[in-house]
Amino acid sequence: MDAAQLTQQMINGLTLGSLYALIAIGYTMVYGILRLINFAHGDVLMVGCYFAWFGAVQFGLPWWVALMGSMALTAALGVLIDQGAYRPLRQAPRISALITAIGVSFFLENLGLVVFGGRPKAFARPEMFNHIYQWGEVRVLSLSIWVPILTAIILAGLILFIHRTRMGMAMRALSRDLVTVQLMGIDPNRIIAATFALGSALAAAGGVLWAMKYPQINPLMGVLPGLKAFVAAVLGGIGNVTGAMLGGLLLGMAEIMLVALLPELAGYRDALAFVMLIGILIFRPTGIMGEELPE
Amino acid sequence: MPRNPHEKFGLTALLKPGGLLSPGALPPAHQTRRRDTMLTIGACLLAALGLWLLEGHASGYVVHLTCVGAIFATLAVSYNLINGVTGQFSLEPNAFVACGAYVTALLTLSPAEKEASFILEPLIWPLSAFSIPLLPALVIAGLLTALMAFLMGFPVFRVRGDYLAIVTLGFGEVIRVVANNAQSVTNGPLGLKGIPHITNLWWSWGLLAVCLFFIVRLVHSSYGRALMAIREDETAAEAMGINAFWHKMLAFTLSAFFEGVAGGLLAHLITTISPSLFTFFLTFNLLIIIVVGGLGSTTGAVLGAFLFTYGGEWLRVVEEPMQLMGLDIPGIPGMRMVIFSLILVGVMIFLRRGILGRHDFSWRWLLASLGLGRGSKA
Amino acid sequence: MSQPILQARGLTVRFGGLTAVDRVELDLPEGQLAGLIGPNGAGKTTCFNLFTGRIKPNEGKLTFAGQPIVGLRPSRINQLGMARTFQNIRLFGELSVLDNVLVGFHGGLKSNFLSAILRLPGYVAEERGMQRRAGEILELTGLTRLRDEPAGSLAYGQQRLLEIARALATDPKLILLDEPAAGMNPQETTGLAALVRRLRDELGVTVLLIEHDMRFVMKLCEQITVLDHGKVIARGAPHQVQRDPAVIQAYLGAGEGEGVAS
Ligand SMILES: Nc1ncnc2c1ncn2[C@@H]1O[C@H](COP(=O)(O)OP(=O)(O)O)[C@@H](O)[C@H]1O
Ligand SMILES: [Mg+2]
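In short, a report on the structure. Remember, predicted model here, so these are calculated numbers, not experimental data. (Residues numbered from 1 in each chain as written. Chains lettered and ligands numbered in written order. Predicted model: local features only at pLDDT ≥ 70, side-chain atom pairs only at ≥ 80, totals over all residues. Heavy atoms only, no water.)

1. Thoughts on the overall build of chain B
When you go through chain B residue by residue, the secondary structure sums to 16 helices and two strands. With 378 residues in all, chain B has 55% of them scored as buried. Of the contacts made within chain B by residues no fewer than 6 positions apart, 80% connect residues no fewer than 24 positions apart. Here chain B displays about 15,500 Å² of accessible surface, and carbon together with sulfur accounts for 71% of that area. (Helix = DSSP H or I, 4+ residues; strand = E, 2+ residues; numbered from the N terminus. Buried < 20%, exposed > 50% of the residue type's maximum accessible area, 1.4 Å probe, protein only. Contact = heavy atoms within 4.5 Å. Areas by Shrake-Rupley, 256 points an atom, 1.4 Å probe, with all protein chains shown as cover.)

Have a look at this one:
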């Protein structure tokens, strides 16, 4: 592989990794606070894509308006799922909440199939993302450049939010222990709702960018990105926002490099995430950045 | 262990000590063992008679469903052993069923059949050159699946709780990817066709009987108590001298064995298999079954499996167009799965312990609730 | 003094910056009825966790019945003859009282799972033996009446007794009791003291117990080790320990009302 190809693949890996990172944050924040693997996260992403699709294609909204609208609606969906399905189970054994999350995931997928049909829908790529830049041998779609940039902006905003605002600090406090939060005088339930809103909005953003990349959507599109983003969150140390970003980037790079370096294994690409997951749980169960795995 | 506030709404309440159906002060189980054995043998004979009648008189469709029900019951009972009895929430049965189905089919398909199927890449030797009867093929498939579980167990049981769930789910996904890509063994996405239709009522119910024999007796032995102790409190179980790792391995391997064999029978019932059959969706269905039946109850697993099989067929009405009060309601394909998902969520929220909780069928319970048998006067 | 059944040398464990157990030395003679006391957070439970293999020490050696045990699984250590109870009761809540005790025998079971499934004669005989001995243990601990109740439904004091019963079923040479009298009423405490004494006198089990009820400890134990901030600050017969200035200081410093009075 020459330098040009390498650059090309690095950019691809960075793009894919950014998307995983965006999705992984929702997992990691919810897990940090509720110790719940929100199985439905990937499907929430899928619904977010349909929201954006309706906005952009049916109502002809500019892409960024559709994106914003989709993020808002998806945030509401995340809160709705939490309040309707997970909240009654806060005191239950954790496995009950996990089973419920699996149920919600299948509910969204199958409702998606019923409402939107199984056939993929084309997801138009906005003009500014559709250029092809060429430097010598390297050909890059402008979307591939924009995705990491947009991701970086969103994540910078997120980090500011969780470190500077009262709600953000409450989220971080809640993922450590409940007492501090009660001292701060914020209702934990509101913090949980805000976490779901934030995580789901980021998933919608990740999903829409994902949809522009491929560029189509279908009701089962959230499953694999969702699972892989979860793996990314574990790689980075679950509960840790910076770790989720690193984990996402690492996973994206690894997948692209596997295909680039060992093309005969390309078919096994979807298994790579899980092989990495098993590896990390064996050799470094705390993830890259994480603390002790909770029991 | 927090008590479930919704428990009082379930059948569970009736079965609790002092409940309506409680066996009360009955003689301990070991004093009635001979009677129970006789009753079990009698019930088996009766069931055999029922199957014989069904085979002779019922439609092919009902017979097929009843076979599917027994296979799902076998799967659910096995899955419940690791998830419900031992409390290790795992999500890999689709992988084990796939392994069993592929191995059995590759062993029973005739060389000519195989050559005709494997068009893209030939099947590797020696699989391409021979075929064997179903029974030994099932045994081999079960053992290989158990071996796979055994090897999987080493990394998998280093983690607990939801990590266990996600790692086992990952394994299931890996197996599916392998089935799609290992062209020269699995024929890739095309799958295997022309598998002989051998599975009938006797095979499927015979397997269910064998599986129940092994698993019920395991659960009602010292080993079963150890498995439940691990579920209740792993730390305490270890402190009481129970090696949690090896006991989880035991439950996992045994359940994989039966899931593999059941997969083999499934392949010989539906005659065509491909990777798309063994996605997480299959695991999801089994999860609904054991959760609705009551996680931890073998009886519940069997009950759940038949409810799911027959109920699922019955629910097909929602997918077909119908007339309701003079209105034409179009059928909604896919609606059944929406309903199943809602059932799962609803059961978790409102009836967390499922229909049977952790109670299991026993003769003394049945006799007592019928007002028969020794001690029922007490 | 005979060969100690449990010996700790330089036992140290750290949680992050906190040294919970700090170079603890211990020689527990076989057949002794010993106490381990100290203010809250002194590291007593952590010592039990170290002895039973639940956590691994950062430094130090542990010998049980002449065999080094650091790094062994808790189940292995139990099978060597060390049993424990838990301060925050950890029964198998949904299993019956009888089954809780029967679980204790499982570690010593010789039959493999196939002979258990097939009910081979060897297993059947073992199961009979377990049932019989479980009955005896329930009798000894006064729980016979409750044998079919789910363990989780028992009253607090009864749960503590069941913890002991379950530990006894593992056929221990040494039993570690973590605050066995906590939450018991005076009458139950008296019964407990009698039970503990019988374990030692009749069954020959060595006992090491943690307890905050000083009257209980002082009356029952022959040798007491006092822990503070993870360090052994005193050890000796009850009347010696009671008068030790370091001990009084530790308890006063901890600001606890319980004192060291007898
Ligand atoms: N697993 C653990 N992780 C971190 N700190 C712990 C852990 N277990 C105990 N500690 C700390 O070690 C100290 C000793 O605890 P413990 O042994 O339970 O005291 P006690 O003497 O009251 O039984 C306490 O400060 C406690 O917070
Ligand atoms: Mg303590």
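Back to the write-up after that little detour.
2. Notes on the sheet that holds strand S5 (residues 67–68) of chain C
Residue and element names in this part refer to chain C. Pairing within the open sheet is antiparallel, and its four strands lie in the order S2-S1-S4-S5. Bordering the open sheet on either side are strand S2 (18–29) and S5, each of which pairs with just one other strand. As judged from the eight bridges shared by strand S1 (residues 4–15) and S2, these two strands associate in the antiparallel manner. Of the residues in S2, the one forming a bridge with Pro4 is Pro29. Across the sheet, helix H1 (residues 44–51) lies against S1, S2 and strand S4 (59–64), angled at about 115° from S1, the strand it touches most. (Pairing = 2+ DSSP bridges. Axes fitted to C-alpha atoms, helices over the stretch in contact; angles between N-to-C directions.)

3. Regarding the nonpolar core
Core analysis: the largest hydrophobic core is formed by 269 residues, its most contacted members being Phe39 of chain A, Leu91 of chain B together with Leu209 of chain C. It is helix H12 (residues 244–270) of chain B that contributes the most residues to this core, 15 residues altogether. Each of domain 1 (6–90 + 163–253) and domain 2 (92–153) of chain C accounts for three or more of the residues forming this core. Ile5, Leu36, Ile77 and Met82 of chain C belong to the second-largest nonpolar core, a separate cluster that totals 28 residues. (Core = buried A, V, L, I, M, F, W, Y, C linked by side-chain atoms within 4.5 Å. Domains from an automatic or database assignment.)

4. Some thoughts on the pairing of strand S8 (residues 206–210) of chain C
Remark: a regular strand shows side chains that alternate across the two faces of the sheet. Residue and element names in this part refer to chain C. Of all five residues making up S8, five are buried, and the element is well covered by its neighbours. Neither face of S8 is left uncovered, since the one carrying Thr206, Leu208 and Ile210 and the one carrying Val207 and Leu209 both have all their residues buried. The pairing of strand S3 (residues 33–37) with S8 spans four bridges and is parallel. Within S8, the residue paired with Ala34 across the bridge is Leu208. This β-α-β element, strand S7 (residues 174–178) to helix H7 (residues 186–203) to S8, shows right-handed connectivity. (Right-handed = clockwise from strand over helix to strand, strands pointing away.)

5. Overview of the coordination of the magnesium ion (ligand 2)
All names here are of chain C. The magnesium ion (ligand 2) binds to the protein through Thr45 (OG1) and Gln87 (OE1); the donor distances cover 2.0 to 2.1 Å. Note that Thr45 is positioned in helix H1 and Gln87 in the loop between strand S6 (82–84) and helix H3 (97–106), a separation of 42 residues in sequence. Owing to a relative accessible area of 24%, Thr45 belongs among the partly exposed residues under this scheme. (Donors = N, O, S within 2.8 Å, 3.2 Å for Na, K, Ca; no water.)

6. Side note on a nonpolar patch on the surface
There is a patch of nonpolar side chains on the surface, built from Leu46, Leu49, Trp52, Leu53 and Trp202 of chain B and spanning about 540 Å² of accessible area. Among the structural elements, Trp52 of chain B can be located in helix H2 (residues 33–57). (Patch = residues over 30% accessible without salt bridge, like charges linked within 9 Å, V, L, I, M, F, W, Y side chains within 5 Å. Salt bridge = Lys/Arg side-chain N within 4 Å of Asp/Glu carboxyl O.)

7. Quick look at the sheet that holds S7 of chain C
Residue and element names in this part refer to chain C. Within the open sheet, the six strands sit side by side as S6-S7-S8-S3-S9-S10. Their pairing is mixed. Looking at strand neighbours, the two that pair on one side only are S6 and strand S10 (231–236), the edges of this open sheet. Strand-to-strand twist across the sheet, computed as the mean angle between neighbouring axes with direction ignored, equals 20°. Looking at chain direction, strand S9 (residues 223–228) and S10 are connected through five bridges and run antiparallel. Bridge pairing links Leu227 to Val232 in S10. Along the sheet, H1 contacts S3, S6, S7, S8 and S9; its crossing angle with S8, the most-contacted strand, is approximately 145°.

8. Here we look at the site of ligand 1
Residue and element names in this part refer to chain C. In the vicinity of ligand 1, the residues found are Phe15, Leu18, Ala20, Asn40, Gly41, Ala42, Gly43, Lys44, Thr45 and Thr46. Within the backbone of Lys44, an N or O atom sits 2.8 Å from an oxygen atom of ligand 1. When the free accessible area of ligand 1 is taken as 560 Å², the share hidden by the protein chains comes to 59%. Sorting the residues of the shell around ligand 1 by element identifies S2 and H1 as the ones contributing at least two each. Counting residues per element, the shell around ligand 1 draws most heavily on H1, which supplies three residues. By residue class, the composition of the shell around ligand 1 is four nonpolar, five polar and one charged. (Near = heavy atom within 4 Å. Polar contact = N/O pair within 3.5 Å; in protein donor to acceptor, adjacent residues only side chain to side chain. Nonpolar A, V, L, I, M, F, W, Y, C, P; charged D, E, K, R; others polar.)

9. Considerations on the interface of chain C and chain B
Between chain C and chain B, the contact holds 36 residues from the first and 31 residues from the second. Together chain C and chain B conceal approximately 3,000 Å² of surface at their shared face, both sides included; 60% is due to carbon and sulfur atoms. The largest share of the area that chain C buries against chain B comes from Glu94, His106 and Ile117 of chain C, three residues that together contribute 24% of it. Counting across the interface, chain C meets chain B through five salt bridges. Between chain C and chain B we count 21 residue pairs in polar contact (both at pLDDT 80 or more) in total. Among the secondary structure elements, those contributing two or more residues to the side of chain C that touches chain B are helix H2 (74–80), H3, helix H4 (113–117), helix H5 (121–141) and helix H6 (156–169) of chain C. At five residues, the largest contribution of residues to the side of chain C that touches chain B is made by H3 of chain C. (Buried area = accessible area lost by both parts, 1.4 Å probe.)

10. Points about the interface of chain B and chain A
Counting residues at the interface gives 41 residues for chain B and 41 residues for chain A. Interface area for chain B against chain A, summed over the two sides, is near 3,500 Å², with a carbon-plus-sulfur share of 81%. The largest per-residue losses of area from chain B upon contact with chain A belong to Asp162, Tyr163 and Ile166 of chain B, which jointly make up 20% of the total buried on that side. Taken together, the links from chain B to chain A amount to one salt bridge.

11. Considerations on the arrangement of the chains
Looking across the two pairs of chains in contact, one finds the most contacts between chains A and B. The least C-alpha distance between chain A and chain C, which are not in contact, is 11 Å.

12. Describing helix H10 (residues 241–261) of chain A
Residue and element names in this part refer to chain A. Compared with the 30 Å implied by 1.5 Å per residue over 21 residues, the 30 Å span of H10 between its first and last C-alpha is a close match. Those residues of H10 that sit buried are Val241, Gly243, Ala244, Met245, Gly247, Gly248, Leu251, Gly252, Glu255, Ile256, Met257 and Leu258. Buried residues belonging to H10 abut helix H1 (3–34), helix H5 (142–164), helix H9 (223–236) and helix H11 (269–283). For H10, the N-terminal cap is Asn240; the gap from its side-chain oxygen to the backbone nitrogen of Thr242 is 3.1 Å. (Expected span 1.5 Å × (residues − 1).)

13. Focus: the packing of aromatic side chains
Enumeration over the complete set of coordinates arrives at 32 aromatic pairs over all chains. Measuring from centroid to centroid gives 5.2 Å for Phe150 of chain B and Phe154 of chain B, while their planes differ by 90°, and the two rings are edge-to-face. Within this pair, Phe150 of chain B and its partner Phe154 of chain B are both found in helix H6 (residues 134–156), separated by four residues, close to a single helical turn. When the centroid spacing of 5.6 Å and the interplanar angle of 50° are considered together, the rings of Phe154 of chain B and Phe245 of chain B count as tilted. With Phe154 of chain B in helix H6 and Phe245 of chain B in helix H12, the pair connects residues that are 91 residues apart, well separated along the chain. Since its relative accessible area comes to 15%, Phe245 of chain B is described here as buried. Site record: aromatic cluster; members linked through ring pairs are Phe39 and Phe106 of chain A together with Phe280, Phe281 and Phe284 of chain B. Across the ring face of Phe130 of chain B, the terminal group of Lys114 of chain B is positioned such that the distance to the ring centre comes to 5.6 Å. Directly above the aromatic system of Phe86 of chain C lies the positively charged group of Arg90 of chain C, at a separation of 5.6 Å from the ring centroid. (Phe/Tyr/Trp six-rings, centres within 6.5 Å; stacked < 30°, edge-to-face > 60°. Lys NZ or Arg CZ within 6 Å of the ring centre and 35° of its normal.)

14. Structural notes on the pattern of salt bridges
Across all of its chains, the model carries 27 salt bridges over all chains by this definition. Across the pair Arg94 of chain A and Asp162 of chain B runs a salt bridge whose closest N-O atoms are separated by 2.8 Å. Highlighted residues: Arg94 of chain A in helix H4 (residues 94–116) and Asp162 of chain B in helix H7 (residues 161–181), drawn from two different chains. Here Arg94 of chain A falls in the partly exposed class, since its relative accessible area comes to 32%. Judged by its relative accessible area of 5%, Asp162 of chain B is buried. The partner of Arg200 of chain C in a salt bridge is Asp201 of chain C, with the nearest N and O atoms 2.9 Å apart. A single salt-bridge network, built from bridges that share partners, covers Arg231, Glu232, Arg353 and Arg358 of chain B together with Glu94 of chain C.

15. Focus: the side chain of His41 of chain A
All names here are of chain A. Structurally, the position occupied by His41 is in helix H2 (residues 41–58). What makes His41 buried here is its relative accessible area of 2%. Contacts of His41, omitting those with residues within four sequence positions, involve Ile23, Gly26, Tyr27, Gly199, Ser200 and Ala203.

Structural measurements only, silent on function.
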